[in-house]
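So you can see what is in the structure, the chains are spelled out below.
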Amino acid sequence: MHARAALFDLYGDHLRSRGGQASVAALVRLMKPLEIAAPAVRTAVSRMVRQGWLEPVRLPPGPGYGVTPKCVRRLDEAALRIYRAGTLSWNRCWHVIVFPPVKERPRRERVRATLTFLGYAALSESTWIGPRSSAELDNLLESEGVRADRFESALEGDPRELVARAWDLHAIGEAYEQWHAEADTLITALPAQAAPDQVFATRSKLVHGWRNFLFRDPGLPPELLPAGWPGEKARAFFEQEAARLLPAAAAFVDRELH
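This report concerns the structure included in the present document. (Residues numbered from 1 in each chain as written. Predicted model: local features only at pLDDT ≥ 70, side-chain atom pairs only at ≥ 80, totals over all residues. Heavy atoms only, no water.)

## Some thoughts on the layout of surface pockets
What counts, and what does not: Grid points spaced at 1 Å and placed over the protein atoms alone form the basis of the search, with a cavity being a set where a 1.4 Å probe fits but cannot get out and a pocket an open set showing protein on both sides within 12 Å along at least five of seven lines. Lining residues have an atom within 4 Å of a point. Grid points are joined across faces, edges and corners, and a volume is the space filled by probe spheres set on the points. Ten residue types, Ala, Val, Leu, Ile, Met, Phe, Trp, Tyr, Cys and Pro, are classed as nonpolar, four, Asp, Glu, Lys and Arg, as charged, and the remainder, Gly among them, as polar.
Taken as a whole, the largest pocket holds about 640 Å³ of empty space. Considering the residues around the largest pocket, the lining is formed by 25 residues, among which R4, F8, W53, R74 and F215 are closest to the centre. In terms of residue class, the lining of the largest pocket is built from 10 nonpolar, 6 polar and 9 charged.

## Quick look at the nonpolar core
As a reminder, the rule being used: Residues grouped as a nonpolar core are buried Ala, Val, Leu, Ile, Met, Phe, Trp, Tyr and Cys residues, joined through side-chain atoms within 4.5 Å. Each residue is assigned to one of three classes by its accessible area relative to the maximum for its type, calculated with a 1.4 Å probe on protein chains only: buried under 20%, partly exposed between the two thresholds, exposed over 50%. Secondary structure follows DSSP: runs of H or I at least 4 residues long count as helices, runs of E at least 2 residues long count as strands, and numbering of each begins at the N terminus.
Residues W94, F99, L115, W167 and W179 are the most contacted members of the largest nonpolar core, which totals 49 residues. The element best represented in this core is helix α8 (residues 169-188), accounting for 7 residues. The next biggest cluster of nonpolar side chains, apart from the first, holds 30 residues, and it includes Y11, M31, C71 and F252.

## Description of α8
To be explicit about the condition: The span one expects for a helix is its residue count, reduced by one, times 1.5 Å. Note that the arc is computed from the directions linking the helix axis to the C-beta atoms. Only heavy atoms matter for contacts: two residues are in contact if any of them lie within 4.5 Å across the pair.
Here α8 is 20 residues long and its end C-alpha atoms lie 28 Å apart, about the 28 Å a rise of 1.5 Å per residue gives. For α8, every residue scored as buried is listed here: L169, I172, G173, A175, Y176, W179, H180, A183 and I187. On an axial view of α8, the arc spanned by its buried residues comes to 155°, and they lie on one face. Exposed and oriented more than 90 degrees from the buried face of α8 are H170, T185 and T188. For α8, the elements touching its buried residues are α7 (159-166), α9 (196-211) and α10 (230-257).

## Some words on empty space enclosed by the protein
Tallied over the full model, the rule gives 1 cavity of 30 Å³ or more. Here the largest cavity defines a volume of roughly 70 Å³. The wall of the largest cavity is formed by A6, D9, L10, D13, H14, M31, L34, F200, S204 and V207. Elements with a contribution of two residues or more to the lining of the largest cavity: α1 (3-15) and α9. Broken down by element, the lining of the largest cavity gets its largest block of residues, 5 residues, from α1. Among the residues making up the lining of the largest cavity, the classes are represented as 6 nonpolar, 2 polar and 2 charged.

## As for the packing of aromatic side chains
Selection rule: Here is the rule: rings of Phe, Tyr and Trp (six-membered ring for Trp) pair when centre to centre is within 6.5 Å. Planes less than 30 degrees apart are stacked, more than 60 are edge-to-face, and the remainder are tilted.
Inspection of the entire model under this criterion finds 12 aromatic pairs. With a centroid separation of 5.0 Å and 40° between ring planes, the pair formed by F200 and F252 is classed as tilted. Remark: F252 occurs in helix α10 and F200 occurs in helix α9; sequence separation between them is 52 residues. Classification of F200 as buried rests on a relative accessible area of 1%.

## Comments concerning the pairing of strand β3 (residues 62-67)
Applicable threshold: Two strands form a pair only when DSSP identifies at least two bridges running between them.
Here 3 bridges tie strand β1 (residues 21-23) to β3, and the two strands are oriented antiparallel to one another. Across the sheet, residue Q21 finds its bridge partner in β3, namely G66. The pairing of strand β2 (residues 54-59) with β3 spans 6 bridges and is classified as antiparallel. Counterpart to L59 in the pairing with β3 is G62. Counted along the chain from β2 to the antiparallel partner β3, the turn is 2 residues long.

## A word on the sheet that holds β1
Heads up, the condition is: Convention adopted: a line fitted to C-alpha atoms gives each axis, helices being fitted over their contacting stretch, and angles between N-to-C directions are expressed from 0 to 180 degrees.
In space, the 3 strands of this open sheet follow the order β1-β3-β2, with antiparallel pairing throughout. Looking at the sheet topology across the chains shown, the edges are occupied by β1 and β2. Direction aside, neighbouring strands of the sheet carry axes that sit 35° apart on average.

## Section: unusual backbone geometry
The phi dihedral of E35 falls on the positive side, at around 60°, and the residue is not glycine. Relative to the helices and strands, E35 resides in the loop between α2 (24-31) and α3 (38-50).

## Quick look at the pattern of salt bridges
Selection rule: For this analysis, a salt bridge means a side-chain nitrogen from Lys or Arg found within 4 Å of a carboxyl oxygen belonging to Asp or Glu.
Using the criterion set out here, one finds 15 salt bridges in the structure. For D13, the salt bridge identified is with R203, shortest N-O distance 2.3 Å. Taken together, the residues span a long stretch of sequence, with D13 in helix α1 and R203 in helix α9 at a distance of 190 residues. A relative accessible area of 4% means that R203 is categorised as buried. R150 is the salt-bridge partner of D138, the closest N and O atoms lying 2.6 Å from each other. Taken together, the residues D138 in helix α6 (residues 137-144) and R150 in strand β7 (residues 149-153) connect sequence positions 12 residues apart. With a relative accessible area of 47%, D138 lands in the partly exposed category. A single network of salt bridges, built from pairs that share partners, joins R29, R255 and E256.

Laid out in structure tokens, this is it:
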């Protein structure tokens, strides 16, 4: 786990519900079970500040960092899909985004990466579709200076054919099966009476692996997924183990924050 990804997981999984702030010293302590050293934590924090995800705050224990409104939107969007923290419904319409080609490569890659994270797929360089609109879309387009036309459209034809063109469901399904096998090994290796910091580390790795699917799986409605979709079995395992390990992991976070 890279320090920046681990910090995103920490803020989203634990700190968001605890005020979204932590001292630098606490962040270093919380990253130690993940074998992420203090210099890497500080470098990652500085990068996240430059990118607008975190901002400096003064806390009783000392200097710290809190989430920005931009970060809150990203963490809430992620929580909606990771923990089903809300209802992901589908009204049988597609959210379509059409924008002119983005010429600058870095900006184009940022737009593509973020749209993919938000559950969209490219039908062409300038036309993207998703099963639902995203609350983060306005922020993305504004921050990148991209003007887009947006539509909610019903498809004339078989939606499964559209899905097959837009997403590689076979590859995503195989990734779920691989993750499930690796996650089972991770959980099995955790001793029955593991220390809270061990539980925290194991759960963090579990969540981190699952969170990676946000960049691959758009969260399609069940009626558009193949029979026996591996993602459902993997999700059941994740939800069960994440909930089982949460009390000990949360106790460790609470201890290290004070």
